[in-house]
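Reading the structure
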Amino acid sequence: MLKILHTADWHLGKKLQEFPRIEEQKLVLEEICEIAESENIDLVMLAGDIFDSFNPNHEAVELLYKTLKRLSNHGKRLIIAISGNHDSTQFVEAPDPLARELGIVFYSKYDSIVRPGPVGDGIEITKSEEGFIEVRFPHLDFPVRVIMAPYANEVLLKTFLGDGDKEESLRQVLEDKWQKLADSHCDSQGVNLFMGHFFFIREGEKPEPEPESERPILHVGGAQALYTKNIPAQIQYAALGHLHRYHAVQKDPFPVVYSSSPLAYSFSEADQDKRVVLIEAQPGKDVDHRPITLKQGKPLYRKRFEDLQATLEWLEENPYCFVELTYVTEESIDAQTRKAIMQAHEGIVNLIPHLKAGFGSANGELQAEDLNEDMETLFIKYFQSQKGMEPNEELLTLFREITSQTPSE
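Calculation criteria
Residues numbered from 1 in each chain as written. Predicted model: local features only at pLDDT ≥ 70, side-chain atom pairs only at ≥ 80, totals over all residues. Heavy atoms only, no water. Phe/Tyr/Trp six-rings, centres within 6.5 Å; stacked < 30°, edge-to-face > 60°. Helix = DSSP H or I, 4+ residues; strand = E, 2+ residues; numbered from the N terminus. Buried < 20%, exposed > 50% of the residue type's maximum accessible area, 1.4 Å probe, protein only. Lys NZ or Arg CZ within 6 Å of the ring centre and 35° of its normal. Axes fitted to C-alpha atoms, helices over the stretch in contact; angles between N-to-C directions. Parallel < 35°, antiparallel > 145°, perpendicular 65-115°, else oblique. Contact = heavy atoms within 4.5 Å. Nonpolar A, V, L, I, M, F, W, Y, C, P; charged D, E, K, R; others polar. Pairing = 2+ DSSP bridges. Right-handed = clockwise from strand over helix to strand, strands pointing away.

**Brief notes about the packing of aromatic side chains**
With the rule as written, the count across this model stands at 7 aromatic pairs. Taking 6.2 Å as the distance between ring centres and 35° as the angle between the ring planes, the aromatic pair formed by Trp 178 and Phe 200 counts as tilted. Here Phe 200 lies in strand 12 (residues 200-201) and Trp 178 lies in helix 6 (residues 167-185), a separation of 22 residues in the sequence. Neither Trp 178 nor Phe 200 differs from the other in exposure class; each is buried. Taken together, the ring pairs connect Trp 178, Phe 194 and Phe 200 into an aromatic cluster. Over the aromatic face of Tyr 227 sits the side chain of Arg 171, whose NZ or CZ is 3.9 Å from the ring centroid.

Next up, the structure:
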């Protein structure tokens, strides 16, 4: 039996506003390595968004290589990693010759062909063409086939679609490409897998919203998603990346699954369990798959308070977290209250005032004659109309910086 670990969206180097997450990423990747070891995993599928930017910092790159070296068990465990929309295709594939020695295959460009031959310790790539590899493991008597679908940017899509980029063209071209690979290589004598970094939905269903922390996937002809029916019927499990929460897009005729990111990267993910997926697969049979909840990393909370004492007590009781805190008040949060809250906790990311009186009133709305005012005065009046109070000096200073203004004498 082939044992697979599906993970995605590591976003190494990512921050939560000004708060770095690299130490949490080290902890959760250590946890993923421990799961791979305890479950005797044969194959790790890393489905894109390895880094958070096209030019990751040194610490993020070092963390990736150290993690993959351990995760590969010195080449005894195969790792296949594809690029996502946050990744540089050139950067991801650059270490491939050295990575192969450790059983790691990077794939990021649709016209790339992975070189057949040994990978790691006793593993061998026996067949290969654009977007596809077949692998033999020394302890298994069947091959493992993987169709790889990294994120395709506008330049890469031009290769397939030409100048007439249209929604249906994208779906049809990719479906035809994947189906041709499946018809050529994916029979019931081996395990057949798909991994991709796209939006996938069942046809006719509403697309999942993209995470707040995500760079939007390219829309082609207004399309936000491919359809699960575009994946060949020979596939037994489709490992996806991009959505940051665990989500089984479909269960039948085969599972199509987003594993989730290993950490919560925005407050829209505050209540989500972060997971990896364990898959057990054999030729010609339905796979068994189950999510495993990750425990490392700081939780994210959205909290609302009306009383300072209750606020401070909760913050003291929950030191290991990040918080977006809404404070209900009659007017703006006074300096003493703001200072007390901010000094009580190191992880307050946002402190948001919520006025009991509500936002604005008809009397405070901007009028046509206000357009003769200078930009700063207009901003102050607009803020008053929306928030029911004047902007504080910190916000005004920021506004002046954005508009390249200096305070009037």
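**Some details on the packing of helix 1 (residues 22-38) against helix 2 (residues 58-71)**
Their axes nearest at 10 Å, the elements helix 1 and helix 2 cross at an angle of 10°. Judged on the interaxial angle alone, helix 2 and helix 1 are roughly parallel. Across the interface between the two elements, Ile 22, Glu 23, Gln 25, Lys 26, Leu 29, Glu 30, Ile 32, Cys 33, Glu 34, Ala 36 and Glu 37 from helix 1 touch Glu 59, Ala 60, Leu 63, Thr 67, Arg 70 and Leu 71 from helix 2. Its residues assigned to classes, the contact of helix 1 with helix 2 shows 8 nonpolar, 2 polar and 7 charged.

**Some words on the pairing of strand 20 (residues 322-329)**
Counting buried positions over the 8 residues of strand 20 gives 8, a clear majority of the element. Pairing geometry for strand 19 (residues 300-305) and strand 20, over 6 bridges, is parallel. Across the sheet, residue Arg 304 finds its bridge partner in strand 20, namely Thr 326. Assessed by its sense of winding, the connection that carries the chain from strand 19 through helix 7 (residues 308-317) to strand 20 is right-handed. In terms of strand pairing, strand 20 meets strand 21 (residues 348-355) through 7 bridges, oriented parallel. Within strand 21, the position partnered with Thr 329 by the bridge is Leu 355. After leaving strand 20, the chain enters helix 8 (residues 335-343) and then returns to the sheet as strand 21, a path that is right-handed.

**Structural notes on the sheet that holds strand 5 (residues 78-82)**
The pairing of strands in a sheet comes from backbone hydrogen bonds and takes either a parallel or an antiparallel form. An order of 6-5-4-1-17-18 is seen for the 6 strands of this open sheet, with the pairing classed as mixed. Two strands bound the open sheet, and with one partner strand each, they are strand 6 (104-107) and strand 18 (288-293). The average undirected angle you get between the axes of adjacent strands in this sheet is 20°. Note that strand 4 (residues 43-47) and strand 5 share 5 bridges and pair parallel. By the bridge assignment for strand 5, Val 44 is matched with Ile 79.

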